[in-house]
Amino acid sequence: MVPGTAVEVVREFWRLMQSNDFHSVAAVLASEFVLEWPQSHERIRGAERFARMNHDYPAHGPWRFTVQRLLGNEAEVVSEVEITDGVQNATAISFFTVQGSKITRLVEYWPEPYPAPASRAHLAEPMP
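The following paragraphs examine the structure supplied in this document. (Residues numbered from 1 in each chain as written. Predicted model: local features only at pLDDT ≥ 70, side-chain atom pairs only at ≥ 80, totals over all residues. Heavy atoms only, no water.)

Let's talk about the pairing of strand E5 (residues 89-99)
For clarity, the threshold we go by: Pairs of strands are assigned from DSSP output, requiring at least two bridges between the strands. Numbering of helices and strands starts at the N terminus; helices are DSSP runs of H or I of at least 4 residues and strands are runs of E of at least 2.
With nine bridges connecting them, strand E4 (residues 76-84) and E5 associate as antiparallel partners. The residue of E5 that forms the bridge with Val-81 is Ala-92. Counted between consecutive antiparallel strands, the loop separating E4 from E5 contains four residues, among which Gly-86 sits at a positive phi close to 95°. Bridge count for E5 against strand E6 (residues 102-109) is seven bridges, and the pairing is antiparallel. Following the sheet pairing, Phe-96 is matched in E6 by Leu-106. The turn linking E5 back onto E6 is made up of two residues, and Gly-100 within it adopts a positive phi angle of 60°.

Quick notes on the nonpolar core
The cut-off we apply is this: To form a nonpolar core, buried Ala, Val, Leu, Ile, Met, Phe, Trp, Tyr and Cys residues must be joined to one another through side-chain atoms within 4.5 Å. Under the scheme applied here, a residue whose accessible area is under 20% of the maximum for its type counts as buried, over 50% as exposed, and between as partly exposed, the area being computed with a 1.4 Å probe on protein chains only.
Grouped together as the largest cluster of nonpolar side chains are 29 residues, with contacts concentrated most on Phe-13, Phe-96 and Ile-103. In terms of residue count, helix H1 (residues 6-18) provides more of this core than any other element does, eight residues in total.

Focus: the pattern of salt bridges
Note the cut-off: Salt bridges are identified by distance alone: a Lys or Arg side-chain nitrogen within 4 Å of an Asp or Glu carboxyl oxygen.
Within the structure shown, the criterion is met by four salt bridges. Between Arg-43 and Glu-36 there is a salt bridge, with its nearest N and O atoms 3.0 Å apart. Linking Arg-69 and Glu-80 is a salt bridge whose minimum nitrogen-to-oxygen distance equals 2.8 Å. Of the two residues, Arg-69 is situated in strand E3 (residues 64-72) and Glu-80 in strand E4; the sequence distance between them amounts to eleven residues. Take Arg-69: its relative accessible area is 49%, and that puts it in the partly exposed class.

Quick look at helix H2 (residues 47-56)
Cut-off, in case you're wondering: Regarding the arc, it is the one traced by the directions from the helix axis to the C-beta atoms.
For H2, the set of buried residues is Phe-50, Ala-51 and Asn-54. Along H2, the residues classed as buried sweep out an arc of 95° about the axis, all on the same side. Projecting away from the buried face of H2 at angles above 90 degrees are the exposed residues Arg-49 and Asp-56.

Considerations on the sheet that holds E3
Put simply, the rule reads: Axes here mean lines fitted to C-alpha atoms, for a helix over just the part in contact, with angles spanning 0 to 180 degrees between N-to-C directions. Contacts are assigned to residue pairs that have any heavy atoms within 4.5 Å of one another.
Taken together, the six strands give an open sheet; going across it, the order is E2-E1-E6-E5-E4-E3, and neighbouring strands pair in mixed fashion. Both outer strands of the open sheet, strand E2 (42-45) and E3, are each paired with one neighbouring strand and no more. If you compare each strand with its neighbour and ignore which way they point, the axes differ by 20° on average. Its contacts with the sheet place H1 against strand E1 (29-37), E3, E4, E5 and E6, and it is angled at close to 175° to E3. Helix-sheet contacts for H2 involve E1 and E2, and the interaxial angle to E1 is about 50°.

Okay, here's the thing in structure tokens:
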């Protein structure tokens, strides 16, 4: 499949990630691809380093990716994806820049749950 729109490119990115063959993701990454993680102040350049980083990440089994939300226009896409290896669970909020049916930049945030502050208990209700 040759994805056309930016949303289709990102949908294909997550489909390839689901295969756990992280080198296959290079099919939708531009030669100048950059991944940025602002929370840890890290930048990963290129498809090869991206694949190695995902391959080398400690896991208890194959990674599973569930796309919860995918929104975009002709050049930018945002996704909310639940990720698990059966033991570890995470959410990735990802901002993609797409040019010429290739992802040139990916900025990801990995939010972590935290207890609600008691100071606003009178204003909020708990979520499941």
